[in-house]
Structures are given as structure tokens and as C-alpha cells.
Amino acid sequence: MAIDRKEFDDKQLDDKQLDDKQFDPIDPRRLDAASVLALLPNRPRILGLGEPTHGADTLLDLRNDLFKQLVAEEGYRTITLETDCMAGLLVDAYVASGAGDLDDVMARGFSHGWGASAANRALVRWMREYNDRADSEGRPDADRLRFAGFDGPLEITHAESPRRPLTALHGHLAAHLDENLLPCTADTLDRLLDADDRWAEPAAMTDPARSAGQSADVRQLRAYADDLAALLQAQAPHLTATAGRDAYDRARLHARTAVGLLRYHHWMADASPSRMSRLIGVRDQMMADNLLALAARGPVLAHAHNSHLQREKSSMRMWEQPSVEWWSAGALVSERLGEEYAFLATALGTIRHQGVDAPSPDTLEGRLYGRFEKPCLVDAARLAAALGDDRPRPRVSPWFGYAPLDPGHLESIDGVVFVRDIPES
């Protein structure tokens, strides 16, 4: 449900104003749940909160605060992060029931080393405590918080073996269906999968010849994975009735991940000029499929890099290659959900410990830096209108780990979250 902007006139920040000739008023708000939803024409099924750099606990603390408000005020029960969807099952089990040890869950339940983040740990601990209270108060299962990763089991240097999701999918089907319906046995899968270390060969990322992704046995695996995924879908009424909805949804996750990983490995073995665009595109397609599956059970806050959530085409430079372009998960989800997808992009002023100093006044970040001291939320449409044809030039980052906000994307963004300074975490 959209919220009337007039209800939030008292949320304007008490920051210094620039001369109107330099910058028209743009009605900044505090970053809270009510202000976010006031920007949107409809209540989103997926609210994407992007960040322009990874590993900054300042940004993750803001994310945590927003999620807590969305839970308390707007009925949100799921948060999903740009982390391994398979590993995230450990975090979800801990959040749901306290299964496992928190230290182990943080170490093994997050990819990219993000389990070491104090803000991520605080999020998981708070979610567990919330569910503990729900248990003690006898609240229904629908009131419980859920955690999910929506990235594939992928790193910049390699992709995991499809063994875990593929064997889990086969095991689920074998436990609930006549064995004659299955296209292969577990032993056949094991033989074709072979040793896991051949899948995680780091050299394959830059040398297609080192990848096994287009070998005869992997082509056979892809056919079996496709048949198993199709069988899961065809037997949905029986499987949900016998194993339950949660088990079926997990099997769907295993199916998506197995098929996606095998497709990713296929393109890792490709030597064409489109190889890297294909790889990154497959990754974001996996992300989009996971986001859409999560949205089917209720509103979701999704947190990831801006480039994975934006509606515009994403691009980046990798190694010595020309710029790689692909459609992000956000673009794919937006195409499916329309106004039920919303995207907030974060823009930053400084990351001084990484050599990112105060932005030039003729950049978008520089305009915001000269005006706002506190973290704030800006209506992207009003910001674009205030700038008019006098668009600032794109900022150039001196550090590869930070991607400035493209002023040309403002029309496709619902809100801009501006954070002036990022201290070292």
C-alpha cells in the first residue's frame, strides 16, 4: 500500500541547504521504512537495497535498521543477501530453530568471507532472538523470520561442483517417487560428477581449456539435471502433499542451483568473446530466479551490490578485457514484477581508507556531499527533475572496489540512499 507523502513532511532533514541556483530543493528524508514506502506507487514484493561497495559495516548497519523497521511496521519476514544460496540454508536453520553454533554458522553460512562482518553477525543474532520470542509467545509460523542467500555457489575465481544440489535433488525425488520415474541412479550421478576439485579449478576462470564444463560426462549431467528438475515440477502436487511445502521449495532451490551451476561451468569452458558476459549473465539469472521464488512467500528485503539490483544494464571491467555487460537480477525481476519491484541505490561520499576522498562538486556524489551531513533518502525522480538537463558528470573511482552511481540511471531508481562517509570497519 502506497503512503501519502504529506504524512512525512516532518521527516525532512535539518541539513544545510545549497543556493537554489546550484541545486534545487529535493526533499530528503530519513532512511526508515515509512519514508521508503512513501516513495513507491505500490507495496513491493521485492525491495532491493543496493550498495556501491562491499564490506562496509556502516552500510550493513543501516540495512539492519531498515529491516527491523520493515518487520515491525510493514510485515516483512524475509531478508536475502548476496551470498551463497546453499550455504545460506545453514543460517536460515539457525535463525528458525537455533540449529548449530553461531560461530560455525557465520563461518560456513556466508560466502565471500562475509560471515566475519560484525553487522552480519548482529543481524543473524537479532533474527534468532526475534524467533525465540515468537516461540515463547505462541505466534504462528508465518510470523517467523527467514534468511536466504540469493547468489549461486560462485566466487570470482571459481564455481563449486554441482554435487550438493544435484544429489540433494535426486535424493528428494528418490525418497518420494517410484524409482522408475527417475532418469538415473545416484551411483550414475556420482560417477559422472567425479572428483569435486576438478570443478573448482581456479585456472579455469581465465583459461577455458582448464574447465571440464563441456566434456561428454558434463553434457550428460546437464541432461540428467534438466530431467530431474522437470520431474520435480511435474510431480509438484504429490511431492507437496507427501513431503510438505518447505521441503518442496528447498528441492526447487536445489534444482535451480544444479541447473545453473552446470550452465555456468558450460560457459566457463567456452572460448568465444562473449564468455565473460555469458558467465556473469548466468549468475544474475540464478539470482533473479531465487529472488522470485522468495517473493512468492511474502515481501522480501534484498541486499546486494547496486550492479546486481539496478534496472539498467550493468557493466564492469575484468582483468585486461573490454567492459563486460549483462542484465542484472534486478533488471530481470523488474521485467517480471513491474511496480512490485523497487530499487534503492546507495551513493557514497568518502571511503578515505581506500583512497576515495571527497567527491568533486560537479559529480552527483559531490552535489549530495555538499548538502547532507547525515545518511538520508532522496526521491530519485525529484532529484532527476531538480538536475534537469544539467546532469553532473559521472564520478571516477580511484579504487576498484567502489562503483559510483551513474547519474544517467536516476530515472530507473526509486530512491537514492546517501551516506557521506564510510569509516574503516
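Here goes a summary of the coordinates provided. (Residues numbered from 1 in each chain as written. Predicted model: local features only at pLDDT ≥ 70, side-chain atom pairs only at ≥ 80, totals over all residues. Heavy atoms only, no water.)

Considerations on the overall build of the chain
Right, on to step 1. A count of helices and strands for the chain gives 15 helices and 9 strands.
Right, on to step 2. Relative to its length of 425 residues, the chain is compact, with a C-alpha radius of gyration of 23 Å against a globular reference of 22 Å.
Right, on to step 3. Here the chain holds 425 residues, and 53% of them are scored as buried.
Right, on to step 4. Restricting to contacts in the chain with at least 6 residues of sequence separation, those with at least 24 account for 76%.
Right, on to step 5. For the chain, the exposed surface amounts to about 18600 Å²; the carbon and sulfur share of it is 48%. (Helix = DSSP H or I, 4+ residues; strand = E, 2+ residues; numbered from the N terminus. Rg over C-alpha atoms; globule rule 2.2 N^0.38 Å. Buried < 20%, exposed > 50% of the residue type's maximum accessible area, 1.4 Å probe, protein only. Contact = heavy atoms within 4.5 Å. Areas by Shrake-Rupley, 256 points an atom, 1.4 Å probe, with all protein chains shown as cover.)

Focus on helix H5 (residues 118-136)
Right, on to step 1. Taking 1.5 Å of rise per residue, 19 residues should cover 27 Å, and H5 covers 27 Å from first to last C-alpha, within 8% of that figure.
Right, on to step 2. Three or more residues of H5 are buried, namely Ala119, Asn120, Leu123, Val124, Trp126, Met127, Arg128, Tyr130, Asn131 and Ala134.
Right, on to step 3. Elements that come into contact with the buried residues of H5 comprise helix H2 (57-74), strand S2 (78-84), helix H3 (88-97), helix H4 (102-108) and strand S3 (146-151).
Right, on to step 4. You can read the cap of H5 off the contacts: a side-chain oxygen lies 3.2 Å from the backbone nitrogen of Ala119, and it is on Ser117.
Right, on to step 5. Gly138 occupies a position one or two residues after H5 and carries a positive phi of about 70°. (Expected span 1.5 Å × (residues − 1). Polar contact = N/O pair within 3.5 Å; in protein donor to acceptor, adjacent residues only side chain to side chain.)

Regarding the side chain of Glu51
Right, on to step 1. Positionally, Glu51 belongs in strand S1 (residues 46-51).
Right, on to step 2. The residues contacting Glu51, other than those within four sequence positions of it, are Leu59, Leu60, His303, Ala304, His305, Asn306 and Thr346.

Comments concerning the packing of H2 against H5
Right, on to step 1. One way to put it is that H2 packs onto H5 with a least axis distance of 8 Å and a crossing angle of 20°. In terms of orientation, H2 lies roughly parallel with respect to H5. For the element pair H2 and H5, the recorded crossing hand is right-handed. Between H2 and H5, the residues in contact are Asp57, Leu60, Asp61, Arg63, Asn64, Phe67, Lys68 and Val71 and Ala118, Ala119, Asn120, Ala122, Leu123, Trp126, Met127 and Tyr130, respectively.
Right, on to step 2. Grouping the amino acids of the contact of H2 with H5 by side-chain chemistry returns 10 nonpolar, 2 polar and 4 charged. (Axes fitted to C-alpha atoms, helices over the stretch in contact; angles between N-to-C directions. Parallel < 35°, antiparallel > 145°, perpendicular 65-115°, else oblique. Left-handed = near helix turned anticlockwise from the far one by under 90°. Nonpolar A, V, L, I, M, F, W, Y, C, P; charged D, E, K, R; others polar.)

What about the packing of aromatic side chains?
Right, on to step 1. In the structure shown here, the tally under the stated rule is 4 aromatic pairs.
Right, on to step 2. Each ring, one from Trp126 and one from Tyr130, has its centre 5.7 Å from the other, and the planes form 45°; the classification is tilted. With Trp126 and Tyr130 both in helix H5 and 4 residues apart, this pair spans about one turn of that helix. For the pair Trp126 and Tyr130, one class covers both residues: buried.
Right, on to step 3. Between Arg139 and the ring centre of Tyr130, over which it is positioned, the NZ or CZ distance is 5.0 Å.
Right, on to step 4. Here Arg420 stacks its cationic end above the ring of Tyr369, 3.7 Å away from the centre of that ring. (Phe/Tyr/Trp six-rings, centres within 6.5 Å; stacked < 30°, edge-to-face > 60°. Lys NZ or Arg CZ within 6 Å of the ring centre and 35° of its normal.)

Here we look at the nonpolar core
Right, on to step 1. In terms of nonpolar packing, the biggest core is built from 43 residues, with Leu47, Phe67, Ile79, Val124, Met127 and Phe147 touching the most fellow members.
Right, on to step 2. Residues within four places of Ile79 in sequence aside, it is in contact with Arg63, Phe67, Leu123, Met127, Arg146, Phe147, Ala148 and Leu301.
Right, on to step 3. By size, the runner-up hydrophobic cluster in this structure holds 32 residues, among which are Ala304, Ala345, Leu364 and Cys376. (Core = buried A, V, L, I, M, F, W, Y, C linked by side-chain atoms within 4.5 Å.)

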